[in-house]
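Summary of the model geometry
Each chain, letter by letter, is given below.
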Amino acid sequence: MAQIIDGKAVSAAVKQEVAEETAKLKEEKGIKIGLAVVIVGNNPASRVYVNNKKKACEAVGFQSFEYALDENTTQEQLLDLITVLNRDDRVNGILVQLPLPAHIDEKKVIDAISPDKDVDAFHAINVGKIMIGKYAFLPCTPAGVMRLIESTGTEISGKQCVVIGRSNIVGKPMAMLLLHKSGTVTICHSRTQNLKEICLGADILVVAVGKANFVTGDMIKEGAVVIDVGMNRLENGKLCGDVEFESAEKKASYITPVPGGVGPMTIAMLMKNTLTAAKQQAGIE
Ligand code: GUN
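Residues numbered from 1 in each chain as written. Predicted model: local features only at pLDDT ≥ 70, side-chain atom pairs only at ≥ 80, totals over all residues. Heavy atoms only, no water.

A few points about helix α6 (residues 140–151)
The condition is simple: What counts as a helix is a DSSP run of H or I of at least four residues, what counts as a strand is a run of E of at least two, and both are numbered from the N terminus. A helix is expected to span 1.5 Å multiplied by its residue count minus one. Note on exposure labels: buried denotes an accessible area under 20% of the residue type's maximum, exposed denotes more than 50%, and partly exposed covers the range between, all computed with a 1.4 Å probe on protein chains only. The criterion used for residue contact is that any of the two residues' heavy atoms lie within 4.5 Å.
Under the 1.5 Å per step criterion, the end-to-end length of α6 is 16 Å for 12 residues, consistent within 8% with the ideal 16 Å. Across the 12 residues that make up α6, a large majority, 9, are buried. Along α6, the positions that sit buried rather than exposed are C140, T141, P142, A143, G144, V145, M146, L148 and I149. Where α6 is buried, its residues contact α1 (7–29), α7 (171–180), β7 (204–207), β8 (225–228) and α10 (262–281). Positive phi shows up at G153, right after α6, with a value of about 80°.

And the structure:
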C-alpha cells in the first residue's frame, strides 16, 4: 500500500519559508512585495483559483492587486492594463489567469508581460531559460511536483521518468525539470503507442492529461512514485484526478491524492516566484 504524499503539508512548508523571507525583507530592507492578479470574465473555476491566490498572498505577507475585468474586455484594453502593471513599482509579479475569453489571443497577452514579472514562467524568454537550465522562475505546477517528489526522498538521477501530457504549462516543462535532475525522461501523449508498457517501466510517473481515472493500477510498476496533476469533476460533482487512486495505491510506493496533492503546491510555488521576482527587482538575487 502506498504512502500518501501530503501536498497540503508540503505546500504549507513552502509558504512558511516564503513568509519568513518576506518578513525579513520588509524589516531589513523595507521591501514590500506585491502580486497583480488579472481575471477576465466569469469562469467559476478561475474565480476559485484567483481567490485562493489572493488568500495565499495575504498568508505570506504580500499585497495583492486584483483586476477583475468584464467578459467583454477587448484585447487592447487588457494589453493596456499589462503595460501599466509592467511599469508599476508596487507590482513585482503579474499573473493573468487562463483561460481568457475566446476573442483574446493568449499568446499576445503572455508576450506583453515583462519577463521579469512573469511569475507563471509562461513568457517565451522564461520558457527558453528553463530549456537551457538557467532560470529564475520555475513553472509553478512542475516545480510543485518536483518538490513533492523530493519530499519522498526519491532519487531522480538515472531513474525512468514518464510524463503523460505535453502541454506548455505542465507536460513539457515537467519533462525538462526531471531531465535537469538527470532522470531518463519519456513524454507520452494522445498518439503514444504501447502506453501501458511504457508506464509499466516508470519509476516516477507524472500524469497530466486531464482525463478522469485515465491511468489504472495495472499500468503502474510495483513501487513507483505516482504524481497526479489531474483535477476533473465527475458528473456526481466529486473531484478526481487522472489516476484511478484505489487501484494505483496498491502498486505505488508513494502517491498524491486529488484533491490535496499537486493543487496546493502550484499556489505555493507562485508565491515563491513572486518573492524571487521582488528580490531580483531589488537587485538582491
Ligand atoms: N490556469 C490554469 N492553471 C494556471 C496557471 O498556473 N496560471 C495561470 N495564470 N492560469 C492558469
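Here's the deal with the site of the ligand
Going by this rule: Residues are labelled near a given molecule or strand when at least one of their non-hydrogen atoms is within 4 Å of it. Note that accessible areas follow from Shrake-Rupley with a 1.4 Å probe, and for residues the cover is restricted to the protein chains shown. Cavities and pockets were defined on a 1 Å grid built over protein atoms only: a cavity is a set of grid points that admits a 1.4 Å probe from which the probe cannot escape, a pocket is an open set flanked by protein on both sides within 12 Å along at least five of seven lines, and lining residues are those with an atom within 4 Å of any such point. The way we define it, a molecule is inside a pocket or cavity when more than half of its atoms are within 2 Å of that pocket's grid points. Think of it as three bins: nonpolar holds Ala, Val, Leu, Ile, Met, Phe, Trp, Tyr, Cys and Pro, charged holds Asp, Glu, Lys and Arg, and polar takes everything else, Gly as well.
Contacts to the ligand come from K53, L95, V96, Q97, L98, D120 and F122. Within the complex, 80% of the 280 Å² of free accessible area of the ligand lies under protein. Mapping the ligand onto the cavity grids shows that it belongs to the largest pocket. Considering only residue class, the shell around the ligand consists of 4 nonpolar, 1 polar and 2 charged.

Looking at the sheet that holds strand β2 (residues 34–40)
Heads up, the condition is: Strand pairing follows a simple DSSP-based rule, namely that at least 2 bridges must link the two strands. To get an axis, a line is fitted to the C-alpha atoms, and for a helix only the part in contact is used. The angle between two axes follows their N-to-C directions and goes from 0 to 180 degrees.
Across the sheet, 3 strands lie side by side as β3-β2-β4; this open sheet has parallel pairing. Edge positions in the open sheet fall to β3 (63–69) and β4 (93–96), since each of these has one partner strand only. The sheet shows a mean angle of 15° between the axes of neighbouring strands, direction not considered. Against the sheet, α10 makes contact with β2 and β4, and its axis sits at roughly 125° relative to β2, the strand it touches most.

Here we look at empty space enclosed by the protein
For clarity, the cut-off: Grid points are joined across faces, edges and corners, and a volume is the space filled by probe spheres set on the points.
All told, the structure shown has 1 cavity of 30 Å³ or more when counted by the stated rule. By volume, the largest cavity amounts to about 50 Å³.

Points about the environment of N72
The topology assignment puts N72 in the loop between β3 and α3 (75–87). For the pair formed by N72 and I104, sequence separation is 32 residues and the distance between their alpha carbons is 9.8 Å.

Describing the packing of α6 against α10
The test is simple: Orientation labels follow simple angle bins: below 35 degrees gives roughly parallel, above 145 gives roughly antiparallel, 65 to 115 gives roughly perpendicular, and whatever is left gives oblique. For any pair of crossing helices, the crossing counts as left-handed if the nearer helix is rotated counterclockwise from the farther one by less than a right angle, and right-handed if it is rotated clockwise.
Between α6 and α10, the shortest axis-to-axis distance is 8 Å and the interhelical angle comes to 110°. Between α6 and α10, the crossing angle belongs to the class labelled roughly perpendicular. The way α6 lies across α10 gives a crossing that is right-handed. Contacts from C140, T141, A143, G144, V145, R147 and L148 in α6 reach V262, M265, T266, M269, L270 and N273 in α10. Along the lines of polarity and charge, the residues of the contact of α6 with α10 split into 8 nonpolar, 4 polar and 1 charged.

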